[in-house]
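Residue strings, one per chain:
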Amino acid sequence: MAKNYFPYSKYTRVWIPDPDEVWKAAEITKDYKEGDATLYLKLEDETSLEYPVSPPKNALPFLRNPDILVGENDLTALSYLHEPAVLHNLRVRFLESNHIYTYCGIVLVAINPYDQLHIYGEEVIDAYSGQNMGDMDPHIFAVAEEAYKQMARDERNQSIIVSGESGAGKTVSAKYAMRYFATVGGSASDTNVEEKVLASNPIMEAIGNAKTTRNDNSSRFGKYIQIGFSRQYNIIGANMRTYLLEKSRVVFQAEDERNYHIFYQLCASSSLQEFKDLGLGSAEDFTYTSLGENIFIEGVDDAEDFKKTREAFTLLGIKDSYQGGIFKIIASILHLGNIEICSERDGDSCHISKDDPHLNHFCRLLGVELQQMEHWLCHRKLVTTSETYVKNMSMKQATNARDALSKHIYARMFDWIVEHINKSLYTSAKQHSFIGVLDIYGFETFEVNSFEQFCINYANEKLQQQFNSHVFKLEQEEYMKEQIPWTLIDFYDNQPCIDLIEAKLGILDLLDEECKVPKGTDQNWAQKLYKQHGSSAHFQKPRMSNISFIVIHFADKVEYQCEGFLEKNRDTVYEEQINILKASEFPLVADLFQGKEEAPVSKSSRVNVRAAKSAPKAPNRDHRKTVGHQFRSSLHLLMDTLNATTPHYVRCIKPNDLKEAFSFDSRRAVQQLRACGVLETIRISAAGYPSRWTYQDFFSRYRVLMRKSDLVVADKKVSCKNLLEMLIKDSDMFQFGKSKIFFRAGQVAYLEKLRADKFRAACIKIQKTVRGWLMRLRYRKIRKAAIHLQRYGRGYLARRHAEYLRLTRAAIICQKQYRMVKERRAFLRVRRAVVTIQAYTRGMYTRRIFREFMLHHKAMIIQKNVRGWLQRKKFLRARNAAIIIQCAVRRFRAKRQLKQLKIDAKSAQHLKNLNTGMENKIVQLQRKMDEQSKDYKQQNEQLVVVNASLGSDVAKLQKELEQIRSKKGDSSQVMSLQDELERLRAELEDAHAQRKRLEEEHGSEKLGLEQRVEELEKENATLKLEKEAMNWRILQQSKSTEEEENTRDNLLQSELDAERQRYQNLVKEYSRLEQRYDNLKEETSLQKFQPGHRRNPSNQSSLESDSNYPSISTSEVGDTEDAIQQVEDMGIEKAAMDISLFMKLQKRVRELEQERKRLQTNVDKMEEMAKRKSTEPRIPTTDQENADLAYNNLKRQELESENKKLKNDLNELRKSVADRASQNNSSNELQDGYNVLLSQLKAANEELDARKEEVLILRTQIVTNAQQLEKNGLIECTEMPELNNSKEPIDKEEAMKTYQGLCESKNKAQDWCYLNEDGELGLAYQGLKQVARLLEAQLQSQSRQHKDELEALHTQIELLKDDIEKKQEILNYTMSLSPEAQVEYSVQQEITRLTNDNLDLKELVEKLEKNEKKLKKQLRIYMKKVQELEALQAAAAQVSRAKPELSRQVTVQRKEKDFEGMLEFSKDDEALLVKSLITDIRPSVVSATVPCLPAYILFMCIRHADYINDDQKVESLLTSTINAIKKVLKKNNDNFEMTSFWLANTSRLLHCLKQYSGDEAFMTQNSPKQNEHCLKNFDLAEYRQVLSDLSIQIYQQLVKVAEGTIQPMIVSAMLESDSIPSLAAVKPTGYRNRSSSMDNDGSGPCSYTLDALIRQLGQFHSIMSDHGLDPEIVGQVVRQLFHCINAFTLNNLLLRKDVCSWSTGMQLRYNTSQMEEWLRANNLYQSKASATLEPIIQAAQLLQVKKKTSQDAEAICSLCTALTMQQIVKILNLYTPLNEFEERVTVSFIRNIQSNLQERNDPQQLLLDTKHIFPVLFPYTPSALCLDVLHIPASLGLDFINRV
């Protein structure tokens, strides 16, 4: 097989030279035989080419690597190692994959992208930290991590050498390397050395970087930064060395270039106030900054950069005064460049105008004399052996001298800043090791090369020599390690070139010698070079020039122009100008030039003394060392430092000269690759065995080439040897090492060709068989189909003919019928049309006549209605205006009266009276209505009766009249009768009129009522319509806002999660600070420890020091009124989540507690006083006094219980509101809860004031009783001091003063006891004093109350004023409306007022009901207290002497005899209880018992302490428990089992405190027995919060321990293990994967499989389940661990090219499915853990899907919703085919993906945050276990506790 193989055969791809692209790809179209003169090729554009071949001159072209090797991370992994292969690989990675980093053996090649890439974040640093260099994609962080790791492992100093052309990105690479060290090796102390190291970058960039034609931020100096590390490998300091600052840039810049950045930054900030005196303006106004004719850089803000520079100065400790001096020096340089030097007429002299403003600014800023500087800028001093001359200078000479002075000033300032930066970075601590970062210029060649380019190329020659020797050394070590026989590899040695430059009589030596000659010139020096080195192989003389020379460097030939070499090497500055600057009045300027000038003197004399007079000294002594000599010395020192360290190389490549993003110029790239030594590395590798495979990888890759007999061999090494010996006959083409196989260049490509041919042959055979089978199937189907078609075709033709016959006959019949119907239809249509036209015409005329009649009729109706409407409208407007004015006046009066009534209605009695009055009024109104209806009925009945009587009277009168007429009496009687008749008629008419009037009144009232009813019905109908409209609108809104509600719910949930996460982060930070405090406390205790006896602190003090949460007994005073006002201002919903408001409420509770304790103390002291009095002989008290004392004691107990109950009620209300807020209840519930809370607070304030007054009255009574006892003579005069002390007056200080005064007065003759022996005078005085104090206190309280009432009245006045103003505005607004709008607006206002009044009354009723309930509850408590007191008195009567445990006896009397689920322990046994249950317990001890048994036992102990009402015992037990749990967790901070055990117990204790708290919200699932076990006396809500915080801390520790356990297993199990056998394929690896820096012995990677990872997760789950941890918390832990697995897997996938393949996607998908299967098996699939795997699942699918067409791109965009655009593009760029049958992802496809994903607002972050912790939620899960049935095992050793 090997004998017939010849590489230059048909279809072989090669590289041929090209003048434009350097190398061009081609394919051989005809087999080449040895001896042929022509090679027939075909280019990529299908053009043919005949390539001449002549071995001596034009050798065979380079062979191309297989496509599978193109795009490798390491160039040494290529099979064919040569220049076109390297260039093509870099081009493909840079343009197609956008990868700027590539390994080339030990070198990292970095290509400047000229674009911002998001690959330098903190998450990327974390991903590379701790990783081997070959495991991840190439990166500057990988090189930095390798250096850091080797420093820690080998304890050897390291160096990172960054080189490249200007604009290649050296400074940025060095900056990121230092940033990596600052992040990974941060300082252990608080000195922030890493920040100072990073802060030096903006300063050095400002003073040392400038814009050039090749780079906008080009470093114009070299620097070497040593970062020092301690033994713990933390940064402790740094040091910087600089090389060859380009001083000429200060005075000259080429076109489109700039001076150093600091000049432009200062000019851009010249408008600031502190820089007004610098005299600066725009940079265009100064010569030194405008020579390049472009003062701006696109995208750069000089003013903003100047702020960063000043901040960096401040961070490095440079004072503001020094900063001001530096800026003055920089400004003076600009002014110096603008000084105008005028030539004299003779041309040999010059002068400067005295009025030159720039000269004045220069001298003022530097503090030098103006006349001297003006003189010496135009003159110079010549010193001979005998005399000194002052010589005029021409304008050109003066200008050169001025520029030289500017350069010298800037160079000195540059050195001074570097020196002070080093001082700031210096540390006194001992440096264990260091890492150096060398940022130095690369090889440079321009059209005109001068002294600077010569020094730069000289430095690169030295660095290249060191690089070549190091590469050769590493190759030799690798061969020796693998025991491979090797021969000496020949590599380029540039020592002759270095000798040409630096040896004796070399170029630098001759240059220094010429500089010493008084009249030396550049031409003379050039002639000496020609004469001395003309025969050197590395030196040439140009043909057309006598003032230049050529040096043949390792990279290229460079021609140097000799002009200016001597001047730049001398760096001459006139001494007179320097002396003027030394005499500056500013110390900074003087020291700037004094420090180095006096350096030689300090060698002989250790004291620097500045001479008063200028002493004669040798001329130019300060400048004996030339620039070349100094540079050579510093370069030798640098090389010594580098040789003493382990170097790491970074070669920066500039892809193009146009600074275009991701544009690659092959010619420029090849020049730099040749110059930076990359191709030399390739050449050295290619000379040996560049391709290296482990036996396992080689077997996995090429087993398809083996025979079946070789596959069954157990030893894979033997199989590999047999295969290679069979395939490659030349034994020199490969070597077998201990763990690897070494191949010559091209052998891997040959093996890949054989493998591809084998696969191709197998594919052809498979295709042949499959195609034959498919064709046979197709033939059978076609034959069968043809037979069926023939049969069905013939039948179809026969049926079609018969159908034709039938259709013909039917058509004739249809035609006959159709023609008849058609004619008839035409006739009927015409007839119908005529009839219709007639009908419409007649109707039209009739309608026209009717319309005219209707128009006249409607016009009359409209006129009638309009006139009536106008009159009614006028009337209604006037009436409505009157009504509105009346309403406004009545409303104003009513509001005034209402406010007065509200002020009076504060008492409950008034409200009761008001309610009683309202009821009476309602009854009276009802009665009045009934009486009016009865009166109305009676009046109607009376009217009917009167009408009937009047009718009967008229009938009688008529009868009488008729009788009289019949009798025909005399006329007088007739007249009288007529008069009587007239009178009766008049009365009848009056009666009729009265009846009519009554009927009219009744009718009008009835009409008014009917109108009112109609209005109400209309309003009701309107309201119904509005209600229906509102219902319809609400229905529509409910339908349309379902999605909005879902979105809002999700948003609220996310906000809640964020709030929880923020709170838990605070808890985590608090835990960390507490840990740090404990550590510091332990260190302090260790430092302060002395031998001997030391008194231990008390228990109380230790509890206070250990406790880190608010205690129950903490006394703080809060402002409740401010809290209430804050609630009203903020609103209910916001106040519900306001922590500060709850703190104020807590303070109010503590104030009540403090008042209760103070009262308890006073009462105890009074009881002690009473006991002492009872021991003395005294007169028996009466029954009335005993009753009063008993009543006072009872009153005191009631006050205590009332205060405690108020505190408990307030805490319960606060906790219920907080719980509702945390559970996302509705705003109505929050508002109700807070209304209750505010009402309870106000009630508590009122009750507190009342209790204070009662206490004051009780004190007064006690003092009065004591005084009465004293008056009876029970206490003698000599015992007055004791009496005063026993009484405990209100003012203790006053009592002490009185006692001292009485003691002093004993020795006086006017002793008041002597004057009044019986003590009546003193007793009366003391009594009056007490009464005066009480009266004074009452007066003060009344005055304060008066002030408060006055302020309240003022406040009410202001509120009334505001109300009046608002009403006035409403009235004005109402008057401006139309009448209809006024009516509507007034109705709305009235409805609003009535609604508010209704709500106020409702709240008042609720408040009264609650107060009633509260009073009833208090009454029950008082009755219970009375019964207990009676029981105590009865027990005291029976037992003569009480036992110490009296409370226990009382408890036994009032509780049941059965076990109540409580455990009693002594206070002295608390430490033993904590030690047995927490400190010494192990989870295995209680594994067979009830889960969370310690939590149940602790709670039962707390229950007993609550039962006996011992608050100190409760507080002490809870405090000790929490502190003990913390200590146990601190001791076992890496033990998952112990952490899980205490998380379960802490959460269970928290649930027990909730379940048995008595809150109704937590009692819904309790049994009746459990409800009986609730806490009775204490509210432990504060401790619930503390336990909740402790649970969060334990949860975070549990997650941290679990993540630390599985983290090393994740990448190996998810990405590297072969879960599906025989699926993974291996690709060739580069140098980094076989580097000697890796800790491997050839046995392969650490084998963590997926089964091991799942087993570990199962172990975690079983431990948590066994400990009784809540399933919800277990699900959250598993979710967090799955997030960790997903984050680490995806981050490694995004940073590793070797795992981005189809087979890895298949393995990854299988692994994730196994993880999901594990979730289902453990009932954890609903815990949202599977959702955290979605990104890695989509990444696996992305690796497997088709990636060709636009449809594929759309499918990928719709598929990968959990991945960001950056992640998708990164995976596609990293996708690597493992064989030639797969295709790469094209650039156009990736661009299509990017265009489709542009609408996404994805974050710029590439990697996932591995440290992210989801907010944990501890759901309330009550226990179904009853406490009375709990069994305590004897193994716990809790014999000292008793069941109660």
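Rules and cut-offs
- For every chain, the first residue of the written sequence is number 1, and numbering continues from 1 onward in sequence order.
- It should be noted that, the model being predicted, local features are given only for residues of pLDDT at least 70 and side-chain atom pairs only at 80 or more, the latter also being counted only at that level, while totals for whole chains, interfaces and linings use all residues.
- Just so you know, side-chain values use all the structure's heavy atoms and leave hydrogens and water out.
- Burial status follows relative accessibility: with a 1.4 Å probe on protein chains alone, a residue under 20% of its type maximum counts as buried, one over 50% as exposed, and anything between as partly exposed.
- Labels follow the DSSP assignment, with helices taken as runs of H or I lasting at least four residues and strands as runs of E lasting at least two, numbered in each case from the N terminus.
- Here, a strand pair is defined by DSSP locating no fewer than two bridges between the strands.
- Two residues qualify as a contact provided that any one of their heavy atoms is within 4.5 Å of a heavy atom in the partner residue.
- Per-residue confidence from the predictor is given as pLDDT, running between 0 and 100.
- Here is the rule: rings of Phe, Tyr and Trp (six-membered ring for Trp) pair when centre to centre is within 6.5 Å. Planes less than 30 degrees apart are stacked, more than 60 are edge-to-face, and the remainder are tilted.
- As a reminder, the over-ring test applies to NZ of lysine and CZ of arginine, requiring each to be within 6 Å of the ring centre and within 35 degrees of the ring normal.
- Grouping into patches uses exposed residues only, defined as over 30% relative accessible area, and leaves out salt-bridged ones; the cut-off is 9 Å for like charges and 5 Å for nonpolar side chains (Val, Leu, Ile, Met, Phe, Trp, Tyr).
- Using a 1.4 Å probe, the Shrake-Rupley method yields the accessible areas, and only the shown protein chains count as cover for residues.
- In the sections that follow, a salt bridge refers to a side-chain nitrogen of Lys or Arg positioned within 4 Å of a carboxyl oxygen of Asp or Glu.
- We call a set of buried residues a nonpolar core when its members are Ala, Val, Leu, Ile, Met, Phe, Trp, Tyr or Cys and they connect through side-chain atoms within 4.5 Å of each other.
- Every angle, taken between N-to-C directions, lies between 0 and 180 degrees, and every axis is a line fitted to C-alpha atoms, over only the stretch in contact when it is a helix.
- Handedness of a helix crossing follows the sense of rotation of the near helix relative to the far helix, less than a right angle counterclockwise being left-handed and clockwise being right-handed.
- By the convention adopted, Pro, Cys, Tyr, Trp, Phe, Met, Ile, Leu, Val and Ala count as nonpolar, Lys, Arg, Asp and Glu as charged, and the other residues, Gly among them, as polar.
- Cavities and pockets were defined on a 1 Å grid built from protein atoms only: a cavity is a group of points that admits a 1.4 Å probe but offers it no way out, a pocket is an open group of points flanked by protein on both sides within 12 Å along at least five of seven lines, and a lining residue is one with an atom within 4 Å of any such point.
- Grid points are joined across faces, edges and corners, and a volume is the space filled by probe spheres set on the points.
- Cysteine sulfur pairs qualify as disulfides if the two atoms are within 2.5 Å.

### Thoughts on the pairing of strand β3 (residues 38-43)
Look at any regular strand and the pattern is simple: side chains alternate between the two faces of the sheet.
Reasoning step 1: Residues L39, L41 and L43 point to one face of β3 and are all buried, whereas T38, Y40 and K42, pointing to the other face, are not buried.
Reasoning step 2: In this structure, strand β2 (residues 22-28) lies alongside β3, joined through three bridges in antiparallel fashion. In the sheet register, E27 faces β3, and the bridge partner there is K42.
Reasoning step 3: For β3 and strand β4 (residues 48-52), the ladder comprises five bridges, and the chain directions are antiparallel.

### With respect to helix α43 (residues 1470-1479)
Reasoning step 1: Considered for burial, the residues of α43 that qualify are E1470, L1473, V1474, S1476, L1477 and I1478.
Reasoning step 2: Of the surrounding secondary structure, the elements contacted by the buried residues of α43 are α44 (1493-1507), α45 (1511-1531) and α46 (1536-1555).

### Quick word on the confidence of the model for the chain
Low pLDDT marks stretches whose predicted atomic positions should not be read closely.
Reasoning step 1: Looking at the chain, pLDDT values average 78 and 78% of them are 70 or higher.
Reasoning step 2: In the model, residues 1176-1182 has pLDDT below 50 throughout and makes six contacts with residues more than four positions away in sequence or in other chains.
Reasoning step 3: For the stretch residues 1273-1299, pLDDT sits under 50, and the model shows 36 contacts to residues farther than four places along the chain or on other chains.

### Observations regarding the packing of aromatic side chains
Reasoning step 1: Going through the model one piece at a time under the given rule, you end up with 39 aromatic pairs.
Reasoning step 2: Here a set of aromatic residues connected by ring pairs shows up, and it is made of F451, F454, W525, Y530, F539, F549, Y560 and F565.
Reasoning step 3: Between R1720 and the ring centre of Y1725, over which it is positioned, the NZ or CZ distance is 4.4 Å.

### A closer look at a nonpolar patch on the surface
Reasoning step 1: Taken together, the side chains of I766, V770, W773 and L774 make up a nonpolar region of the molecular surface, amounting to roughly 390 Å² of accessible area.
Reasoning step 2: Looking at the element boundaries, W773 is found in helix α27 (residues 747-904).
Reasoning step 3: On the basis of relative accessibility, which here comes to 48%, the residue W773 falls in the partly exposed class.

### Description of the pattern of salt bridges
Where charged atoms of side chains with opposite charge meet at close range, the side chains can pair.
Reasoning step 1: Enumeration according to the criterion identifies 36 salt bridges in this entry.
Reasoning step 2: Linking D403 and R402 is a salt bridge whose minimum nitrogen-to-oxygen distance equals 3.3 Å.
Reasoning step 3: Exposure remark for R402: the relative accessible area of 9% places this residue in the buried category.
Reasoning step 4: Residue E1717 pairs with R1720 through a salt bridge whose shortest N-O separation is 3.7 Å. Of this pair, E1717 and R1720 are both found in helix α51 (residues 1702-1721), three residues apart, which corresponds to roughly one turn of the helix.
Reasoning step 5: Looking at R1720, the relative accessible area reads 39%, which means it is partly exposed.
Reasoning step 6: One salt-bridge network, in which partners are shared between bridges, spans E165, K654, D657 and R668.

### Details of the nonpolar core
Reasoning step 1: Of all hydrophobic cores here, the largest spans 316 residues; its most connected members are F181, F263, I409, Y410, W525, F549 and L1693.
Reasoning step 2: The element that contributes the greatest number of residues to this core is helix α48 (residues 1581-1616), accounting for 18 residues.
Reasoning step 3: Counting residues in hydrophobic clusters, the runner-up holds 19 residues, among them F699, Y702, I741 and F743.

### Comments concerning the sheet that holds strand β20 (residues 557-561)
Within a sheet, adjacent strands bond to each other through the backbone by hydrogen bonds, running parallel or antiparallel.
Reasoning step 1: The strand order across the open sheet formed by three strands is β18-β19-β20, and the pairing between neighbours is antiparallel. The sheet is open, and its two borders are formed by β18 (539-540) and β20, each paired with just one other strand.
Reasoning step 2: Pairing geometry for β18 and strand β19 (residues 548-552), over two bridges, is antiparallel. Counted as the bridge partner of F539 is V551 from β19.
Reasoning step 3: Lying over the sheet, helix α16 (residues 522-533) contacts β18 and β19, oriented at roughly 40 degrees with respect to β19.

### As for the packing of helix α15 (residues 507-516) against α16
Reasoning step 1: At a minimum axis separation of 10 Å, α15 and α16 run at an interaxial angle of 145 degrees. Crossing geometry of α15 relative to α16 is assigned as right-handed. Only N524, W525, K528, L529, Q532 and H533 of α16 make contact with α15, whose side of the interface consists of I507, L510, L511 and E514.
Reasoning step 2: Here the residues of the contact of α15 with α16 sort into five nonpolar, three polar and two charged.

### A few points about the sheet that holds β4
Reasoning step 1: The five strands lie next to each other as β4-β3-β2-β1-β5, forming an open sheet whose pairing is antiparallel. At either margin of the open sheet sits one strand with a lone partner, and together these are β4 and β5 (62-63).
Reasoning step 2: Where helix α1 (residues 83-96) meets the sheet, its contacts fall on β1 (13-18), β2 and β5, and the angle it forms with β2 comes to roughly 100 degrees.

### Observations concerning the packing of α48 against α51
Reasoning step 1: Closest axis-to-axis distance for the α48/α51 pair is 8 Å, and the angle between their directions is 115 degrees. Contact with α48, carried on its side by A1613, M1614 and L1615, involves T1704, L1708, N1711 and T1712 of α51 and no other residues of that element.
Reasoning step 2: Tallied by class, residues from the contact of α48 with α51 come to four nonpolar, three polar and no charged.

### Thoughts on empty space enclosed by the protein
Reasoning step 1: Scanning the model with the defined rule gives 13 cavities of 30 Å³ or more in all.
Reasoning step 2: Surrounding the largest cavity, 14 residues form its lining, S163, F443, N460, A675 and C676 being those nearest its centre.
Reasoning step 3: Elements that contribute at least two residues to the lining of the largest cavity include exactly β8 (158-164), α13 (451-481), β21 (646-653) and α22 (666-676).
Reasoning step 4: In the lining of the largest cavity, the residues fall into six nonpolar, six polar and two charged.

### Some points on the state of the cysteines
Reasoning step 1: Across all of its chains, the model carries zero disulfides by this definition.
Reasoning step 2: C1760 provides the cysteine sulfur closest to C1757, a residue in no disulfide bond, and the two sulfurs are 8.0 Å apart.
Reasoning step 3: The exposure class assigned to C1757 is buried, which follows from its relative accessible area of 12%.

### As for unusual backbone geometry
Reasoning step 1: We note that E293 has phi near 60 degrees; this positive angle belongs to a residue other than glycine.
Reasoning step 2: Structurally, E293 is set in the loop between α7 (287-290) and α8 (302-315).
Reasoning step 3: Owing to a relative accessible area of 67%, E293 belongs among the exposed residues under this scheme.
Reasoning step 4: With a phi close to 60 degrees, L505 is a non-glycine residue in the positive phi region.
Reasoning step 5: Mapped onto the elements, L505 comes out in the loop between α14 (495-502) and α15.

### Details of the environment of D1469
Reasoning step 1: Mapping D1469 onto the fold places it in the loop between β25 (1463-1464) and α43.
Reasoning step 2: Looking at D1469, the relative accessible area reads 22%, which means it is partly exposed.
Reasoning step 3: Separated by 372 residues in sequence, D1469 and I1841 place their C-alpha atoms 8.6 Å apart.

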